Amino acid sequence: KIDPFNLICTIANLLILFAALRIFLFKPVQKIIAQRQALADAALNDAAAKQKEAERLKEQYNTSLANAEEEKKQILNTARKDEESRITSEIYGMIEKNPMLIRNRVIFVCGKGWHHGVIGIVSAKILERYGKPCFIASEENGEIRGSARSFGEFSVFGCLSYASESLGKFGG
């Protein structure tokens, strides 16, 4: 038989035990879990914020780098155009002082310190202006480098090949 008093006491003991566990164990554990969760969430939010900041700084750096690259190109292009204008002006000055330079079948002009990367552009301008084959050369450190443009039937390569014994090298 089941004793009702014993059953009531057992149920009361279970309720008291449940209340005690809830008060003294579950609530503190839940509080600790909530605190740990809050710390983990704060750490994740902080990491996400730092990652966003790093991405923003990276984008800012890449933009700055692209701007610097574009500025470098503009500076180099301006310098090239300035050098081209300077060399062209010098050549026009040489022709003005010595008109015989353009009366021959081929125009040949040599200057000092002209940038070898620009004289090809200048050669094309001189060819365009005077309609004659032209050789533009620059002397620097005892070496002469040049650029030539053909016109009509004139062969620059044939001309250079003919004079190859006098040239250190040629091509292009």
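Notes on the structure in this doc start here. (Residues numbered from 1 in each chain as written. Predicted model: local features only at pLDDT ≥ 70, side-chain atom pairs only at ≥ 80, totals over all residues. Heavy atoms only, no water.)

### Observations concerning helix α1 (residues 4-97)
Argument step 1. For α1, with 94 residues, the first-to-last C-alpha span of 133 Å sits near the 140 Å given by 1.5 Å per residue.
Argument step 2. The largest bend along α1 reaches roughly 40 degrees and is located at R22.
Argument step 3. All of the buried residues along α1 are E83, E84, I87, T88, I91 and I95.
Argument step 4. On its buried face, α1 is in contact with β1 (107-112), α2 (119-130) and β2 (134-140). (Helix = DSSP H or I, 4+ residues; strand = E, 2+ residues; numbered from the N terminus. Expected span 1.5 Å × (residues − 1). Bend = angle between axes of the 7 residues up to and from the residue. Buried < 20%, exposed > 50% of the residue type's maximum accessible area, 1.4 Å probe, protein only. Contact = heavy atoms within 4.5 Å.)

### Comments concerning the pattern of salt bridges
Argument step 1. Scanning the entire structure with this criterion turns up 8 salt bridges.
Argument step 2. As a salt-bridge pair, D46 and K50 come within 3.8 Å of each other at their nearest N and O atoms. Of this pair, D46 and K50 are both found in helix α1, 4 residues apart, which corresponds to roughly one turn of the helix.
Argument step 3. Close ionic contact of E90 with R86 constitutes a salt bridge, the shortest N to O distance being 2.4 Å. Taken together, the positions of E90 and R86, both in helix α1 and 4 residues apart, correspond to about one turn of that helix.
Argument step 4. Since its relative accessible area comes to 34%, R86 is described here as partly exposed. (Salt bridge = Lys/Arg side-chain N within 4 Å of Asp/Glu carboxyl O.)

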